[in-house]
Amino acid sequence: GDSVTQMEGPVTLSEEAFLTINCTYTATGYPSLFWYVQYPGEGLQLLLKATKADDKGSNKGFEATYRKETTSFHLEKGSVQVSDSAVYFCALSDAVAGNMLTFGGGTRLMVKP
Amino acid sequence: DGGITQSPKYLFRKEGQNVTLSCEQNLNHDAMYWYRQDPGQGLRLIYYSQIVNDFQKGDIAEGYSVSREKKESFPLTVTSAQKNPTAFYLCATRQGGSTGELFFGEGSRLTVL
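Residues numbered from 1 in each chain as written. Chains lettered and ligands numbered in written order. Predicted model: local features only at pLDDT ≥ 70, side-chain atom pairs only at ≥ 80, totals over all residues. Heavy atoms only, no water.

Student: Outline the overall build of chain A, supporting the account with residue identities and numerical values.
Tutor: Summing up its helical and strand segments, chain A has 0 helices and 12 strands in all. Each helix and strand of chain A, placed in order from N terminus to C terminus, yields the pattern β-β-β-β-β-β-β-β-β-β-β-β. For 113 residues, the compact-globule estimate of 2.2 N^0.38 gives 13 Å, and the C-alpha radius of gyration of chain A, at 14 Å, lies within 12% of that figure. The dimensions of chain A, computed from C-alpha atoms along their principal axes, are 45 × 30 × 20 Å. Counting the 113 residues in chain A, one finds 46% classified as buried. (Helix = DSSP H or I, 4+ residues; strand = E, 2+ residues; numbered from the N terminus. Rg over C-alpha atoms; globule rule 2.2 N^0.38 Å. Buried < 20%, exposed > 50% of the residue type's maximum accessible area, 1.4 Å probe, protein only.)

Student: Any details on the overall build of chain B? Residues and values, ideally.
Tutor: If you tally the helices and strands in chain B, you get 0 helices and 11 strands. Element order for chain B, N to C, with α for helix and β for strand: β-β-β-β-β-β-β-β-β-β-β. The globule rule puts the C-alpha radius of gyration for 113 residues at 13 Å, and the 13 Å found for chain B is close to it. Expressed as lengths along the three principal axes of its C-alpha atoms, the size of chain B is roughly 40 × 25 × 25 Å. Looking at chain B as a whole, 50% of its 113 residues qualify as buried. For chain B, the computed accessible surface area is about 5600 Å², with 46% contributed by carbon and sulfur atoms. Treating the 12 positive side-chain charges of chain B as one cloud and the 12 negative ones as another, the clouds have centres 6 Å apart. (Areas by Shrake-Rupley, 256 points an atom, 1.4 Å probe, with all protein chains shown as cover. Lys, Arg positive; Asp, Glu negative; His and termini not counted. Charge placed at Lys NZ, Arg CZ, Asp CG, Glu CD.)

Student: Quick rundown of a nonpolar patch on the surface? Include the residues and the values.
Tutor: A contiguous nonpolar patch, built from Y10, F12 and L113 of chain B and spanning about 400 Å² of accessible area, is present on the exposed surface. Within the secondary structure layout, Y10 of chain B lies in strand β2 (residues 10–13). (Patch = residues over 30% accessible without salt bridge, like charges linked within 9 Å, V, L, I, M, F, W, Y side chains within 5 Å. Salt bridge = Lys/Arg side-chain N within 4 Å of Asp/Glu carboxyl O.)

Student: So, the side chain of T79 of chain B: which residues are in play, and what are the values?
Tutor: Residues and elements named next belong to chain B. Topologically, T79 is positioned in the loop between β8 (76–78) and β9 (87–94). Judged by relative accessible area, T79 falls into the buried class, the value being 18%. If sequence neighbours within four positions are ignored, T79 has contacts with R13, N18, G63, Y64 and S65. (Contact = heavy atoms within 4.5 Å.)

Structural data, given as structure tokens:
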């Protein structure tokens, strides 16, 4: 079945550092890929998405490129802020699997001033 | 405001009691979902509904029940048969199609005393 694997956290960075959170996937078909962010005590918010190979999703300075050849969708940001501290979830939606979303385990990011 | 409303935000329950968590949406989405999140963990699917008067079990349905009598509402009942119900519960909706992202409510935190 489909699966999503994220790097384990927590990831601790200083403000203005470069961020990469790795995400790789296994899917039967040609999935759409998503990054969600969860702030403490809240629900998940969609951060960005990509629906086909080589698409780049971007939002709030975050970017991720859909790499079919490496089955990856790594999240990057050039300069993190304390306010980016949250848990980040990678997810996929696969029409072959009935359009159900499959989530990774989440990666906690802590940004220190 | 358009969105998803979960209530209550915090709920305390004694062992042996059933409790019902409310999820209401005015996004006109067909599909609705319930997820459970434990501390430091990812999301696990409890139940989902693609259409009114129909729902399916997710990965961890035992000890839970749902109904979908109206498009706008998808309440979750945590029964006394659920052995470890203390968790954060998230309701989500979706417009459908493999590229459709999930929209999440703010969550309900259930604590069993």
